[in-house]
Amino acid sequence: MNQLLNRRGFLTVSATLAGGALLVGCTPAQQMGLISLGAEEDFGPFGPFLKFAKDGAVTVISKHIEFGQGNHAGLAAIAAEELDADWTRVTVEQAAANTKVYGNTLVGGAQGTGGSSAIANSWMQLRNAGAAARAMFIGAAAKSWDVPAGEITLANGVLAHASGKTAGFGDLLAEAAMVPPPAAPKLKDPKTFTLIGTDRVRRKDSVAKSTGVARYTQDVRLPGMLTAMVAHAPRFGAKVASFDDAAAKKVPGVVAVYKIPTGVAVVANSTWAAKSGRDALKVTWDEAKAEKRSSATIAQQYRDLASGKTSGPEKNGWASFDSKGEAAKAAGGANALEVDYDFPYLAHATMEPMNCVAIVKGNSAHLLFGSQFPTLDQINTAGIVKNLPGTIKIDTLFAGGSFGRRANFQSDYVTECVHIAKKVGKGTPVKLVWTREDDMRAGYYRPMVHHAIRVTTDADGMPATWRHRVVSQSIMKGAPALAGPKPKFDSSAVEGAEGSPYLKATPVVDGQVISPDAGVPVLWWRSVGATHTAYVMEHTIDQLARRAGKDPVDYRRALFTKAKADRHLAVLNLAAEKAGWGAPAPAGWTRGVAVHESFGSVVAQVAEVKLENGVPKVGRVVTAIDCGIAISPDQIASQMEGGICYGLSAAMFGAITLTDGLVDQGNFDGYRVLRNSEAPTVETYILRSANPPSGVGEPGTPVIGPAVANAILAITGKPTLNLPMVKG
Amino acid sequence: MASTLDVNGRSYNVNSAPDTPLLWVLRDELGLTGTKYGCGIAQCGACTVLADGQAVRSCQFPMSAVGAAKITTIEGLGGTHPLQAAWVKLDVPQCGYCQSGQIMSAVALLATTPKPDDAAITAAMDGNICRCGAYQRIRAAIKDAAAQPAQPQPAKA
Ligand code: FES
Ligand code: FES
């Protein structure tokens, strides 16, 4: 997501306007209405990221939401390392919404978590915060002990001097607060890190999450709180025509029924009453503008566009994302490899369905929920309660997963809750609860995508010409009006094909993309464009290697070498070595390999696969990652394990389909997801690196699908071009 | 419509309608929010609790069917159960939302099968979805807890 927002210039922060105005690509008049997204409040002597208790305990403030990715531990470790704190006495606290202070430089300055950027954008910020506080405590000790600062040591939260004097942070808190923070604190040489990169950097929330104590939006209980459920239109784009709430209002516990922009809301004093009330509603929908097509119809439209069959205005929307040599030469030919891929819509299907708590009183609004993008949620809420975004208070809670779903340009479930809370008014807390079915049928899916590939090869069997067509709905089209010039294409639809080392190594390239509209809302989904581009590139490469009679690892090595893709080569070699590539696989198992770069990190995976009644079974997966300096090796492994399950779940089973505009799946019985018996055992190897940290949450996800498809290719000789692998 | 409910060794008077699933009685009426909603149709296991020591999906267990069953929720494990210790030791949770249900299913498993093999573990745990994909650590933590000298007992009501 970081790349999207940057490249598209969607959000640009101007620090020059008073109050830290945020310019969301819109007119000057609108900009005026958006000022004040937060202020440099008095955060105390150690700034907005660190707090110290009198007993010496350290609190690191996280500007990023924790929804599983383990970033809270990593962020705390960065500050603790430079501070030389005692790691066992460090805890993490979630920051409030304040764009000015807690903006994310990798998503255009908005406060938000996405694009696997939490650690990367906080790296220098938290190192500086920790180092500044360290200098302040050393300065305080020097003054109170009347010794030169250079003679004081600080390790594991203890300040000491050769004279025998020692103190903890708590002992010198008042004195340190008086020391002016250095403008450019001295940072450690990463070679001297004692915490970062060790197995001591472990999660801080495992106890809360193993005892039922961790608090999610679903768990918020406030005095007088009401619970709301909404009857949504069965088809995207439909509106309420009329409704009959007589039966709903008779349900004990139902307090009120309201028409809101997204449907009809039933407000009650318990979740079950709200659901029973909603079930009793009779709503008639105006479907004049609704999307009534089936996903199969849309898929055929995509294929016709890619093959050039389509005529009419649609066919003119092609834009080039890569062009090299004489494009006409890339048209294919008698010996070309011609493969077309189809990818379905995917639901995020987070474990905790979308939900939100809102308290609205007049023009003020206070939200409590798992906010992935507080800045957007503030802006969208402000428009409803008619106030400035900076006045919207957001308490961000743990979220039961997101994978991108909790961040969208419309703040869909958030604004729905705010509309209801506004109707209820009087400062009454309202919790909006979505059932699994509400969540799964609400759209914001990974787009359906079609790729058409034509590759010719040279005498050595290496790619000579590469023609690539991508058809995908645009994710970024849902963005508010863009600030800069309108982009020629949505790079989120092609990232990963665009910039691929394989295309760099191919002399003639003609890559084009088209983004037809559909009424189905689409959104980024863990690893965004890579969810399909990694599959297409990696599976195509294995088919080419097979035609050339070459080993898939050797074939890649040659291309990476030609493209000077050193990091790709390094992780490939590491994974191949650890997996025992070249030696026979355990009896009954076949290996498949894939490599892909996303969010600044490069991941290689070797999967051991067998087919049981035609269904792939994945056993061992060896994964190697180059993510720069590794903060928490254990949490990197955890994200590889989880990312692989998430990607494998989609590759094997994931599909949202529509029949005449109605979403066919509503729950986990229809939308099959990976279960424990289907989950592989993952081994993670981290490449040593001196580069700043890059993404970890997403890069493991897109690699497993093609690794498995490549193993199946080796077993059956047939490519897997139509996902998911297991139908029905 | 008051009835009594035995949860974690305590007796509660509850007023929810008889068709209300136990899940919502626990969460909304008793404030025991450790038990989670994930699907409502016995597909995901997030709502798993013990009824007389058996793992049940509380989203499909109406008050009218609970009767005198002794209910144990994640809160009833007290935070010191060997499975909870293993979960923390191996940093099993990611988002954590599924983990109450995972742990309760594992408690029921170890009560009947103190030394489960891989097949027994995945068979017992297949009803518990983890969208974060912590499955491998869940398997490892169950083995870790099973290897502890003091065998875990389901929290007695
Ligand atoms: S909520 Fe009960 S099994 Fe999913
Ligand atoms: S830890 Fe997130 S669903 Fe299991």
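Everything quoted here is computed from the prediction, not taken from an experiment.

This part is about the interface of chain A and chain B. On the side of chain B, 50 residues touch chain A, which itself brings 55 residues to the contact. Both faces combined, the contact of chain A with chain B buries some 4,400 Å², and carbon together with sulfur accounts for 49% of it. When the buried area of chain A at its contact with chain B is split by residue, Trp272(A), Met351(A) and Asn676(A) rank highest and sum to 19% of it. Counting the contacts that link chain A with chain B gives five salt bridges.

On to the pattern of salt bridges. The tally for this structure, following the rule as stated, stands at 41 salt bridges over all chains. Lys188(A) is the partner of Glu81(A) in a salt bridge, and the nearest nitrogen-oxygen pair spans 2.8 Å. Of this pair, Glu81(A) sits in helix α3 (residues 71-83) while Lys188(A) sits in the loop between α6 (173-178) and α7 (206-210), and the two are 107 residues apart along the sequence. Note on accessibility: Glu81(A) and Lys188(A) belong to one class, buried. Ionic pairing is found between Asp144(B) and Lys89(B), a salt bridge with its closest N-O pair at 2.7 Å. On the criterion of sequence distance, the pair formed by Asp144(B) in helix α6 (residues 135-146) and Lys89(B) in helix α3 (residues 82-89) is long-range, its members being 55 residues apart. Ionic contacts of the salt-bridge type, sharing partners, join the residues Arg202(A), Asp634(A), Glu641(A), Asp91(B) and Arg137(B) into one network.

Another point: the side chain of Ser694(A). Residue and element names in this part refer to chain A. Tracing the backbone shows Ser 694 in the loop between β28 (681-686) and α19 (701-716). At 3.1 Å, the side chain of Ser 694 and the backbone oxygen of Gly 600 are in polar contact. Looking at Ser 694, its side chain comes within polar contact range of the side chain of Ser 601, at 2.9 Å. In contact with Ser 694, not counting residues within four places along its chain, are Ala 120, Arg 567, Phe 599, Gly 600, Ser 601, Asp 626, Cys 627 and Gly 628.

What follows is about α3(B). When α3(B) is considered as a whole, its buried residues turn out to be Leu83(B), Gln84(B), Ala86(B) and Trp87(B). Buried positions in α3(B), seen along its axis, are confined to an arc of 160 degrees and lie on one side of it. Considering only its buried residues, α3(B) is in contact with α7 of chain A together with α4 (99-112) and α6 of chain B. Following α3(B) by one or two positions, Asp91(B) has its phi on the positive side, about 45 degrees.

Let us now look at the domain arrangement of chain B. All names here are of chain B. When the domains of chain B are assigned, the result is domain 1 (3-76) and domain 2 (77-146). Inter-centroid distance (C-alpha atoms) of domain 1 to domain 2 is 20 Å. Taken together, the contact between domain 1 and domain 2 spans 17 residues of the former and 14 residues of the latter. Here domain 1 and domain 2 share an interface that buries about 1,200 Å² over both sides, 57% of which is from carbon and sulfur atoms. The interface formed by domain 1 and domain 2 holds zero salt bridges in total. Where domain 1 packs against domain 2, one counts nine residue pairs in polar contact (both at pLDDT 80 or more). A breakdown of the residues in the side of domain 1 that touches domain 2 according to their chemical character gives six nonpolar, eight polar and three charged.

Conventions adopted
Residues numbered from 1 in each chain as written. Chains lettered and ligands numbered in written order. Predicted model: local features only at pLDDT ≥ 70, side-chain atom pairs only at ≥ 80, totals over all residues. Heavy atoms only, no water. Contact = heavy atoms within 4.5 Å. Buried area = accessible area lost by both parts, 1.4 Å probe. Salt bridge = Lys/Arg side-chain N within 4 Å of Asp/Glu carboxyl O. Helix = DSSP H or I, 4+ residues; strand = E, 2+ residues; numbered from the N terminus. Buried < 20%, exposed > 50% of the residue type's maximum accessible area, 1.4 Å probe, protein only. Polar contact = N/O pair within 3.5 Å; in protein donor to acceptor, adjacent residues only side chain to side chain. Arc of directions from axis to C-beta. Domains from an automatic or database assignment. Nonpolar A, V, L, I, M, F, W, Y, C, P; charged D, E, K, R; others polar.

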